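Okay, here's what each chain looks like letter by letter:
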Amino acid sequence: MSQSISAPIAKKIPHILETHAEQRVDNYYWMRDDNRQDPEILAHLEAENDYLKAVMAPHNTLKDQLFEEMKGRIVKDDSSVPVKDGKYWYMSEVAGDNEYAFHYRADNAEMQNKQLLLDVNELAAPYEYYDIGDMAVSQNDELMAYSEDTDGRRIYKVKFINLESGEYLSDELENTEGQVVWANDNRTVFYVKKDLQTLLGFQVFRHVLGTPQSDDVLVYEEQDRQFYMGLGKSRDDSQIYIYLAATETSEQWALDANNPEQVFELLCPRLEGHEFGIDKFADQYFIVSNHQAKNFKLCTAKLEDIADIANWQIQIAQRDDVLIEGLELFNSHYIVTERCLGQTRFVVHDYQGGSHTLAFNDVCYSAHMGNNPEPESTAVRIHYSSLTTPSSVYECDLATGEKQCLKQQQVLGSFSADDYASERLHITARDGVKVPVSLVYKKSLFKKDGTNPMLQYGYGAYGITIDPNFSSNTLSLLDRGFVYAIAHIRGSEMLGRQWYEQGKKAHKQNTFNDFEDVTRSLVEQGYADAHKVFASGGSAGGLLMGAVVNQAPQLYLGIGCHVPFLDVLTTMLDESIPLTTNEYDEWGNPNNEADYHTIKAYSPYDNLLPQAYPHILVTTGLHDSQVQYWEPMKWVAKLRETKTTDSLLLFRTDMGSGHGGASGRFKRLEEIALEQAFFISLFEQAS
């Protein structure tokens, strides 16, 4: 790779941070600017962008080729499967080179004489970044609220349209979380307002159409900033809910949707360590709860018993080998989403005690409930894919389990699923625990003799499981001989709740060890060339990348590190930074000395060493509200100072986006093409 210009070198201004009678010196603390307007900081970020462009310039042809490959697999004119909600059917379409969707409704499943609800391309045209957060239609189908984010910080403005006339109402709601829930009177909505400093939703307001936002009524305020806040509606539309969730604790409030001026009532009080979700159907509440049930149980209760856990009736007891992940209620049946031995399954129950399982055949796959707004439906929509099976929408008969594929993602070009193979392995980590791994390769190019390049992906936090789903973009790597592997490391819930608990707080080191041990084993088993291994992760997965390259840099030729959480200790000590207090139950609270030392032991920024590091590509968004831009900025500056070789360290900041990266279906491909060009060029040089 060309390095015709020198890498930007940041100035050093020592800043002393003292905690628990211990001092740390942060030479790059000055890079933080909450307003994102400091000319020196912006100039340095632009210099980093220019450096990346110069270094990658010889590979622009490759990057453009990759972009065109990915774009060429996408059906330009495509539409979603229509979904019935009330008396209308809803769908979205994309067309031509448009980046965004058109949203429609019609009074028939064939979508004849469909009505355009939103042209997102037109809405997005004035902005570099644009995202629709929510679209919510009133109970009488005459009005629609939608929310928009125009800078990537997930601060949404809500607007309203009269669907009969197509005209906008004068009402606009600023600084919201994006959710809108209609009361049943068709004139009252509820929304969550954000704290613009922490970017946490902490207040619920009631808005009546035709009145200014300044007149909106505060109906709930959460004082404990460890809780996230959301809104919803019961399955039978009779209640509006406020959901409160910290990492390990839940609470839920309810309001009669027919009487929006009443007050929200507490359904079930918070109890530290108790996570639950409540839904209502007719006169019965259904509760998924982990009270004395590590992997969750399903209970029911009447209104008079809902606040007292002792009076709940257990329908499905906790099982050590099965994790309950979700619940969907229908008039005739209810469906429980479960995970057993790492695989998702859907168990359909009738209300008389009968049940059957909706099964799939791939060795590893991804499946989740689709959009099922109609409780009277006799069929359920499920989204399914695997590492070799493109995304598919199935409609499954609730009574018989019979499945019908309504649509499968079309992949243009020469793709054939038969050309690829996937495997599920279980690799023994250093402490004897078996870590699941999902991988895929092209049969004709895979030798299992230690000569294939490999990209290994990981996340490992918040109990979020990265299921093996299909990505047409990954084909560009597979078709060049890469093996693609997902390491289902501790910190997810792949193997149940204990899998998560063994990858958080005091046990966080397991996450990093698992990832490293998977790499070593895949090389030893011949899945990958020891000199051609790449790894990638984003957000908490970016923390994973930062920790792994500190402890085992020699294992990887190249690293993709995206919107990465790298300055963990300093961030978790600063409650003014968005989301910090919400994260105590995930990482620990470093105001406690034991947690401080646990975090300090792995925090990537605090553990950079004078050693040889792999080639690294770092990306972020200037307006990232989840992981602030200065974390990767500081880390890159310190790593440039620390590393002992001339390995590449490239840093790209999207000056117009946030945590989710670029908006638009094609613009996102440019980011993926950049990473793949980075990896492939390194692989080719190493060959």
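Further up the page is the structure itself.
Residues numbered from 1 in each chain as written. Predicted model: local features only at pLDDT ≥ 70, side-chain atom pairs only at ≥ 80, totals over all residues. Heavy atoms only, no water.

Student: Please set out the overall build of the protein chain residue by residue, giving values where relevant.
Tutor: For the protein chain, the count of helices and strands is 12 helices and 39 strands. Dimensions of the protein chain, computed from C-alpha atoms along their principal axes, come out at roughly 65 × 55 × 50 Å. Here the protein chain, with 687 residues, has 59% of them falling under the buried criterion. The long-range fraction of contacts in the protein chain, counting pairs at least 24 apart against all pairs at least 6 apart in sequence, stands at 56%. As presented, the protein chain carries roughly 27100 Å² of accessible surface, and 46% of it is formed by carbon and sulfur atoms. If the 60 positive side-chain charges of the protein chain are averaged to one point and the 102 negative ones to another, these points end up 5 Å apart. (Helix = DSSP H or I, 4+ residues; strand = E, 2+ residues; numbered from the N terminus. Buried < 20%, exposed > 50% of the residue type's maximum accessible area, 1.4 Å probe, protein only. Contact = heavy atoms within 4.5 Å. Areas by Shrake-Rupley, 256 points an atom, 1.4 Å probe, with all protein chains shown as cover. Lys, Arg positive; Asp, Glu negative; His and termini not counted. Charge placed at Lys NZ, Arg CZ, Asp CG, Glu CD.)

Student: Describe the sheet that holds strand β36 (residues 533-538), and please don't skip the residues or the numbers.
Tutor: The strand order β32-β33-β35-β34-β36-β37-β38-β39 describes an open sheet built from eight strands, whose pairing is mixed. The open sheet has two edge strands, β32 (420-428) and β39 (649-654), and neither has a second partner. With direction set aside, neighbouring strand axes in the sheet form an average angle of 15°. Of the pairings in the sheet, the one linking β36 to strand β37 (residues 558-562) comprises five bridges and is parallel in character. Paired with Ser536 across the bridge in β37 is Gly560. Across the face of the sheet, helix α6 (residues 509-524) comes into contact with β32, β33 (434-442), β34 (454-457), β35 (483-487) and β36 while running at roughly 155° to β34. (Pairing = 2+ DSSP bridges. Axes fitted to C-alpha atoms, helices over the stretch in contact; angles between N-to-C directions.)

Student: Could you give me a rundown of the environment of Leu169, with the residues and numbers involved?
Tutor: Residue position: Leu169 is located in strand β11 (residues 168-176). Taking the C-alpha atoms as reference points, Leu169 and Gly210, 41 residues apart in sequence, are found 8.0 Å from one another. Those residues within four positions of Leu169 in sequence are excluded, and the remaining contacts are Leu143, Phe160, Ile161, Asn162 and Leu209.

Student: Go over the pattern of salt bridges with me, naming the residues and quoting the values.
Tutor: In this structure the tally under the stated criterion is 42 salt bridges. We note a salt bridge from Asp529 to Lys532, for which the minimum N-O separation is 3.7 Å. Note on Lys532: relative accessible area 12%, which makes it buried. Taken together, the shared-partner salt bridges connect Arg430, Glu516, Asp517 and Arg520 into one network. (Salt bridge = Lys/Arg side-chain N within 4 Å of Asp/Glu carboxyl O.)

Student: Quick rundown of the sheet that holds strand β22 (residues 297-301)? Include the residues and the values.
Tutor: Judged by pairing direction, the sheet is antiparallel, and its four strands sit side by side in the order β20-β21-β22-β23 without closing on themselves. Only two strands of the sheet have a single partner each, and these edge strands are β20 (276-281) and β23 (313-316). Strand-to-strand twist across the sheet, computed as the mean angle between neighbouring axes with direction ignored, equals 30°.

Student: With reference to specific residues and values, describe helix α1 (residues 39-56).
Tutor: Taking 1.5 Å per residue as the helical rise, α1 with its 18 residues ought to reach 26 Å, and the 26 Å between its terminal C-alpha atoms agrees with that figure. All of the buried residues in α1 are Ile41, His44, Leu45, Glu48, Asn49, Tyr51, Leu52, Ala54, Val55 and Met56. The inward-facing, buried residues of α1 contact α2 (60-73), β38 (615-621), α11 (630-642), β39 and α12 (667-686). The opening residue of α1, the one whose side-chain oxygen lies 2.9 Å from the backbone nitrogen of Glu40, is Asp38. (Expected span 1.5 Å × (residues − 1). Polar contact = N/O pair within 3.5 Å; in protein donor to acceptor, adjacent residues only side chain to side chain.)

Student: For the nonpolar core, give the residues involved together with the corresponding values.
Tutor: Grouped together as the largest cluster of nonpolar side chains are 71 residues, with contacts concentrated most on Leu439, Phe515, Leu522, Trp587 and Trp635. For this core, the element with the most residues is helix α7 (residues 540-551), which contributes seven residues. When residues no more than four places from it in sequence are discounted, the contact partners of Trp587 are Ala461, Tyr462, Lys505, Lys508, Ala540, Leu543, Phe565, Met572, Ile599 and Tyr602. In this structure, Met70, Leu478, Leu648 and Leu682 belong to the second largest nonpolar core, which totals 37 residues. (Core = buried A, V, L, I, M, F, W, Y, C linked by side-chain atoms within 4.5 Å.)

Student: Any chance you could break down unusual backbone geometry for me, citing the residues and the numbers?
Tutor: Non-glycine residue Gln292 carries a positive phi angle of around 50°. Along the chain, Gln292 falls in the loop between β21 (284-289) and β22. Positive phi, close to 60°, is recorded for Tyr462, a residue that is not glycine. By the element assignment, Tyr462 lies in the loop between β34 and α4 (475-478). The class for Tyr462 is partly exposed, based on a relative accessible area of 29%.

Student: How would you sum up the packing of α2 against α12? Please name residues and give values.
Tutor: Relative orientation of the contacting elements α2 and α12 amounts to 130°, with a least axis distance of 8 Å. When the axis of α2 is compared with that of α12, the two are oblique. Both α2 and α12 take part in a crossing whose hand is right-handed. Mapping the contact onto sequence places Leu62, Lys63, Leu66, Phe67, Met70 and Lys71 in α2 and Leu669, Glu670, Ile672, Ala673, Leu674, Gln676, Ala677, Ile680 and Ser681 in α12. Along the lines of polarity and charge, the residues of the contact of α2 with α12 split into 10 nonpolar, two polar and three charged. (Parallel < 35°, antiparallel > 145°, perpendicular 65-115°, else oblique. Left-handed = near helix turned anticlockwise from the far one by under 90°. Nonpolar A, V, L, I, M, F, W, Y, C, P; charged D, E, K, R; others polar.)

Student: Let's hear about α11: which residues, and what values?
Tutor: If you check α11, its first and last C-alpha atoms are 18 Å apart, about what 13 residues at 1.5 Å a residue would give, namely 18 Å. α11 sits mainly inside the fold: 12 of its 13 residues count as buried. If you check which residues of α11 are buried, you get Trp630, Glu631, Pro632, Met633, Lys634, Trp635, Val636, Ala637, Lys638, Leu639, Arg640 and Thr642.

Student: An account of the packing of aromatic side chains is needed here, citing residue identities and associated values.
Tutor: Under the definition given, this model contains 29 aromatic pairs. The interplanar angle of 55° and the centroid separation of 5.5 Å between the aromatic rings of Tyr334 and Tyr351 together place this pair among those described as tilted. Pair noted here: Tyr334 is in strand β25 (residues 333-340) and Tyr351 is in the loop between β26 (343-350) and β27 (355-358), with a separation of 17 residues, a long-range link. Judged by relative accessible area, Tyr334 falls into the buried class, the value being 8%. (Phe/Tyr/Trp six-rings, centres within 6.5 Å; stacked < 30°, edge-to-face > 60°.)

Student: Residues and numbers for the pairing of β38, please.
Tutor: Here β38 lies mainly inside the structure; six of its seven residues are buried. Here β37 runs beside β38; their pairing, made up of five bridges, is parallel. Within the sheet, the bridge partner assigned to Gly560 lies in β38 and is Leu617. Direction of pairing for β38 relative to β39: parallel, over a ladder of six bridges. Paired with Thr619 across the two strands is Arg652, which belongs to β39. Handedness of the crossover joining β38 and β39 through α11: right-handed. (Right-handed = clockwise from strand over helix to strand, strands pointing away.)

Student: Quick one: what's the story with the pairing of strand β31 (residues 403-408), residue by residue and with numbers?
Tutor: Both strand β30 (residues 392-397) and β31 contribute to a ladder of five bridges, which runs antiparallel. Following the sheet pairing, Ser392 is matched in β31 by Gln408. If you look at the hairpin formed by β30 and β31, you'll find five residues sitting between the two strands, and Gly401 has a positive phi there, around 80°.

In short, the description is geometric, and any link to function would need to be established separately.
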